[in-house]
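The primary structure of each chain is shown beneath.
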Amino acid sequence: MPNVLPTGYYHTNFCTLLAFVQERYHDLLAPTECAFIDDFHDLTLDAQRLYVRLLTRKGPLYRSDRLSYHEIADTEAMLDELSGADFVIPLAFHQDGKRRIEDLRTMTVQNVDTDIGVIENSDNDKLRDLRRTLLALLTRHELSSLLDANRTTRKSDLMDQAEQCTVTAIAAHLPARIVMATRLEEIVYFRLLFFGNTHQGLTEFVLRDLGVAPYETYTIDNASRFFSCRNHVEEVREAYAISDHGYNLLEQPDINRLVAFAADIPEKGSSQALRLYDRTRNQVARQLERMQAWDAALQIYRQSQRHPSRERQVRVLICLEQLDDAQRVVDGILANPWNEEELEFAHLSQHRIKRKQNQPSTVPARCEPRANDLTLKPEADVGVEELVRRHFEGYGCDAFYVENSLFTGLFGLLFWDVIFSHQPGVFFNEFQRGPFDLFSADFAHSRQSQIDECFGSLGTGEYTHRIRATFRGKFPVVNHFVHWGVLDEAILDLSLERIPADHLYSVFTRMLRDLRNNRSGFPDLVVFPPRSGYELIEVKGPGDALQKHQRRLSLIHISEPTRQAEMSYSVFCLKKKRGGGGGGGGGGGG
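Each value, and the rule that gives it
Residues numbered from 1 in each chain as written. Predicted model: local features only at pLDDT ≥ 70, side-chain atom pairs only at ≥ 80, totals over all residues. Heavy atoms only, no water. Phe/Tyr/Trp six-rings, centres within 6.5 Å; stacked < 30°, edge-to-face > 60°. Helix = DSSP H or I, 4+ residues; strand = E, 2+ residues; numbered from the N terminus. Buried < 20%, exposed > 50% of the residue type's maximum accessible area, 1.4 Å probe, protein only. Core = buried A, V, L, I, M, F, W, Y, C linked by side-chain atoms within 4.5 Å. Contact = heavy atoms within 4.5 Å. Salt bridge = Lys/Arg side-chain N within 4 Å of Asp/Glu carboxyl O. Axes fitted to C-alpha atoms, helices over the stretch in contact; angles between N-to-C directions. Parallel < 35°, antiparallel > 145°, perpendicular 65-115°, else oblique. Left-handed = near helix turned anticlockwise from the far one by under 90°. Polar contact = N/O pair within 3.5 Å; in protein donor to acceptor, adjacent residues only side chain to side chain. Expected span 1.5 Å × (residues − 1). Pairing = 2+ DSSP bridges.

Visitor: I would appreciate a short explanation of the packing of aromatic side chains in the present structure.
Guide: Between two aromatic rings, the relevant description is the distance of the centres plus the angle of the planes. In the structure shown here, the tally under the stated rule is 37 aromatic pairs. Where Y215 meets F431, the ring centres are 5.2 Å apart and the plane angle is 80 degrees; that geometry is what we call edge-to-face. Placement of the pair is Y215 in the loop between helix 11 (203–210) and helix 12 (230–251) and F431 in the loop between helix 21 (416–419) and helix 22 (442–446), with a sequence separation of 216 residues. The exposure class of Y215 is buried, given its relative accessible area of 10%. Taking the relative accessible area as the measure of exposure, F431 reaches 1% and is therefore buried.

Structure representation (structure tokens):
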């Protein structure tokens, strides 16, 4: 049973966030952020609670008739208090029996400092967003009244029709009390300072307190801070804002707008900001590539230092028959590959380029799993993986859909203490799924002795006890590698009994070379035959093919000459069954 949250839990959590930021980063706070904290604490308890309630709801506009909380006695009075302290802005209210629009200009991000008529005549995305936000506040009955439409018309159809209405007309049909939460930019900075990113929020507190997603207890060095100076904070904030804006542009892509946007992405910044910039560049360039804006895509890819920018360059250049340029990029990859995937791609591309240039070339060696055809009768609402899983169960096997959860889960359980061990400057708040350096080369280097000790347990057999003990003692604590919803005790026991330690050694060694990229690509199913062994099964429907990262996992070799691990990895290509007859053959052991 989930834990019961106490009254005002959300307010307590918000105050915890503010106290942490004020204590840890007091010297980095801007004057507006300091003023926010002081003004917030000057509010009455109920006003504080109502403001935090607004932050946890979809906004930024709210109808007062939909704000009802048993712990807040007088919502209307609290809205007045929040308005007086500039935590909310009233959009419209009744006065002398007439509805009057107030502060509508503040709804646009650009803060158009003019009257409603000028706003109506402006043609920009912010006006469109404002119109949609206002329409979302209306009920179906109110939309029908706005359009003088049939009351049986669906709300979605009414919303589409109302897109043609003016903002003034829409506002005239709104209830009297509409407010907008303000000072939200300060909230973004507080979240950024607390979590080190903008995608986590107060929900993390709730999931932890409910017991749904508790976090590990680790040492947070009071002397360590994620941000060392205000410039670093501003850089990362700008990087996230640019990333969000790019995502919005991709919703309705336009070549000229995408090119102009990419040209304005900064070229310098902190390592975290640069990663975000390059990720955004890759996304924009990929969209331009889809739109066949080849030159623009190439130019943006060349500015990115994040995979797969070089791979995409090669693909575009080959498509354009610019083979010498493509070979130069391939040479750069071969000299300094960013990861295994890119290196494999470079070898294959080099062969492809030479063939196009009519030069001799040997096809790079590729590991291919056994291919099997399996004919099964499709069932409604049943995926191909589940059909194959049931097929193997019909032959007396234990079969589970695990994909990227089995080996990564075993890795997370064996190396749990390594992942959460105390290291200076890697834990900054209590809501981390792992250390800050988890996906960097420094992770293994700085913890090598602990990692070696875990690998040693594979040789002694002690690893089975360690993994089982961690599984039972840590469930359901959050860990980047452990997916508790998939990895249960039955799968765990069979895996530890059937999968040889050598196989775990080889997989874990490979994962540690590149934890970010090598934690994915594992087969769909693990099958345990009745008596012994195991087999990994990748299921492909008609016309599907193995992806690159799945081929790299089809056969794993150990670098040490005394050891070699060969996994039984099969691909079952599903075919539709026509008429009667039995299915294909059963599974084999590893």
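Visitor: What is the right way to look at the nonpolar core in this model?
Guide: Side chains that are nonpolar tend, in soluble globular proteins, to be buried together. Membership of the largest hydrophobic core comes to 66 residues, with the highest contact counts inside it found for F36, F40, F190 and F227. By residue number, the principal contributor to this core is helix 10 (residues 184–195), which donates seven residues. Apart from residues lying up to four places away in sequence, F227 is in contact with Y25, L28, L192, L193, G196, H232, V233 and V236. Core analysis: the second largest hydrophobic core is formed by 49 residues, F400, F411, Y505 and Y534 among them.

Visitor: Sorry if this is basic, but what is going on with the pattern of salt bridges here?
Guide: Between side chains of opposite charge, pairing is possible as soon as their charged atoms come close. Taken as a whole and assessed by the stated rule, the structure comprises 34 salt bridges. Among the salt bridges present, the one from E142 reaches R63, with a minimum N-O distance of 2.9 Å. Here the residue E142 occupies a position in helix 7 (residues 140–147), and R63 occupies one in strand 1 (residues 61–63), the gap between them amounting to 79 residues. The class of E142 is buried, set by a relative accessible area of 16%. Accessibility expressed as a relative area gives 5% for R63, which makes it buried. Across the salt bridge formed by E386 and R390, the nearest N and O atoms sit 2.9 Å from each other. Residue E386 and its partner R390 are located together in helix 19 (residues 384–393), separated by four residues, close to a single helical turn. With relative accessibility at 25%, the residue E386 sits in the partly exposed group. Here the salt bridges do not stand alone but share partners, grouping E379, E386, R389, R390 and E393 into one network.

Visitor: Please explain the packing of helix 16 (residues 309–319) against helix 18 (residues 340–356) as it appears in this structure.
Guide: The description of two helices packed together rests on the angle between their axes and the distance between the axes. With their axes 10 Å apart at the nearest point, helix 16 and helix 18 run at an angle of 15 degrees to one another. Considered as vectors, helix 16 and helix 18 are oriented roughly parallel to each other. Helix 16 and helix 18 meet at a crossing whose hand is left-handed. From helix 16, R310, E311, V314, R315 and I318 reach across to helix 18, where they touch E341, E342, F345, S349, R352, I353 and K356.

Visitor: Help me out: how do you make sense of helix 25 (residues 489–498) in this one?
Guide: Because an α-helix completes one turn every 3.6 residues, residues spaced three or four positions apart along the sequence face the same direction. For helix 25, every residue scored as buried is listed here: I491, L492, L494, S495, L496 and R498. The secondary structure elements touched by the buried residues of helix 25 are strand 6 (398–401), helix 20 (406–414), helix 24 (463–474) and strand 7 (525–528). One side-chain oxygen at the N-terminal end of helix 25 lies 3.2 Å from the backbone nitrogen of A490; it belongs to D488.

Visitor: What is the right way to look at helix 18 in this model?
Guide: Between its terminal C-alpha atoms helix 18 stretches 25 Å, which fits the 24 Å expected from 17 residues at 1.5 Å a residue. Where helix 18 begins, one side-chain oxygen reaches toward the backbone nitrogen of E341, 3.2 Å away; that side chain belongs to N339.

Visitor: What should I look at first to understand the pairing of strand 4 (residues 178–181) in this one?
Guide: Regular strands place their side chains on alternate faces of the sheet. Every second residue of strand 4 is oriented toward a common face, with I178 and M180 on one face and V179 and A181 on the other, all of them buried. Pairing of strand 1 with strand 4, which is carried by three bridges, proceeds in the antiparallel orientation. Looking at the pairing, L61 lines up with M180 of strand 4.

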